[in-house]
Structures are given as C-alpha cells and as structure tokens.
Amino acid sequence: MSQSVLLTIARASIEEVLQAENSINRTELLESYPILSQPIECEITLYLDNKLRGSARTEKLEHSILEEIIRNAKIAAFQDENFDPLITSEYLHTTIKLTLFTADGELSHQSEPILKG
C-alpha cells in the first residue's frame, strides 16, 4: 500500500470538516486496500511552520486503521485541547505526519503542505 494513500486519507479527513461534506468513500477504500480493515494504532501530528499544531493518537484500539486515521486526523486538527481548531488558511500550510505502531515497529510518513511558504 502506498504511503500516499494513508496521508491522502488523513488530508481528506480534515477537508471533510473544513468543507462540511462527507467525501471519503470507506467502502471503496476497503475494497481497494483490504489492509485498511486491520486494527493498527496510529498517531497524526500536524505542524505549521515546523511547529506543533495538533496531535492525536489511538488510545484504545477498537477500530480499523482506516477509521483510526480519519478519527485522529480530525481530533488533531479540530479537538486538540492545546490549540484552537485549524482554519483553512492554516491547513493549506500544514504538514501532516502519520505514524503507525505495528508489531514490527514504528513507521512514519510525512506530507508536505499544500501551499509552501
């Protein structure tokens, strides 16, 4: 599975809130990438100008990795108690780091901001 798929899901999760619409087709994703149905802990960390902007980690593994990415991305962006909810202008400049906690160890992937500078 491409790491970009996981980061695309994280970005789409935040965009769903900013655009007030459901755009993630869970059924299609699970059909295309069956591994997304597996329970895997994850953490989403947001950075704005290389500074922490929000974070959320799986606390109790109850859902698939697909649901955990969606949930943690939304919490990191809009419900982290240390920050105000993310606004669109910040989102466009935000870097997203996704960390998976697997039996083989941690795997991290990071996306670049949509707009740089």
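Computed from a predicted model, the values in this text were never measured in an experiment.

### Re the packing of aromatic side chains
Now for step 1: By the definition in use, this model includes zero aromatic pairs.
Now for step 2: When the ring centre of Phe101 is taken as origin, the NZ or CZ atom of Arg57, which lies over that ring, is 3.7 Å away.

### What to know about the sheet that holds strand E2 (residues 51-57)
Now for step 1: In spatial order, the strands read E2-E1-E3-E4; together these four strands make up an open sheet with antiparallel pairing. Each edge of the open sheet carries a strand with a single partner, namely E2 and strand E4 (105-111). Taken pair by pair, the neighbouring strands of this sheet meet at an average axis angle of 20°, ignoring direction.
Now for step 2: Helix H3 (residues 65-78) contacts strand E1 (41-48), E2 and strand E3 (94-102) of the sheet and is inclined by roughly 30° relative to E1.

### Structural notes on H3
Now for step 1: In this model, H3 (14 residues) spans 20 Å end to end at C-alpha, consistent with the 20 Å of a helix rising 1.5 Å per residue.
Now for step 2: In terms of residue burial, H3 counts as a mostly covered element, since ten of its 14 residues are buried.
Now for step 3: All of the buried residues along H3 are Ile65, Leu66, Glu68, Ile69, Ile70, Asn72, Ala73, Ala76, Ala77 and Phe78.

### Let's talk about the pattern of salt bridges
Now for step 1: Per the counting criterion, the structure on display carries six salt bridges.
Now for step 2: Glu41 is the partner of Arg57 in a salt bridge, and the nearest nitrogen-oxygen pair spans 3.7 Å. Taken as a pair, Arg57 in strand E2 and Glu41 in strand E1 lie far apart in primary sequence, 16 residues in all.
Now for step 3: Look at Arg57 and you get partly exposed, because its relative accessible area is 38%.
Now for step 4: Judged by its relative accessible area of 28%, Glu41 falls in the partly exposed class.
Now for step 5: Put simply, Glu68 and Arg71 hold a salt bridge, and the shortest N to O gap is 3.9 Å. With Glu68 and Arg71 both in helix H3 and three residues apart, the pair spans about one turn of that helix.

### So, the pairing of E4
Now for step 1: Judged from the seven bridges that link them, E3 and E4 form a sheet pairing that is antiparallel. Bridged to Leu100 within E4 is Leu107.

Cut-offs used in this document
- Residues numbered from 1 in each chain as written.
- Predicted model: local features only at pLDDT ≥ 70, side-chain atom pairs only at ≥ 80, totals over all residues.
- Heavy atoms only, no water.
- Phe/Tyr/Trp six-rings, centres within 6.5 Å; stacked < 30°, edge-to-face > 60°.
- Lys NZ or Arg CZ within 6 Å of the ring centre and 35° of its normal.
- Pairing = 2+ DSSP bridges.
- Helix = DSSP H or I, 4+ residues; strand = E, 2+ residues; numbered from the N terminus.
- Axes fitted to C-alpha atoms, helices over the stretch in contact; angles between N-to-C directions.
- Contact = heavy atoms within 4.5 Å.
- Expected span 1.5 Å × (residues − 1).
- Buried < 20%, exposed > 50% of the residue type's maximum accessible area, 1.4 Å probe, protein only.
- Salt bridge = Lys/Arg side-chain N within 4 Å of Asp/Glu carboxyl O.

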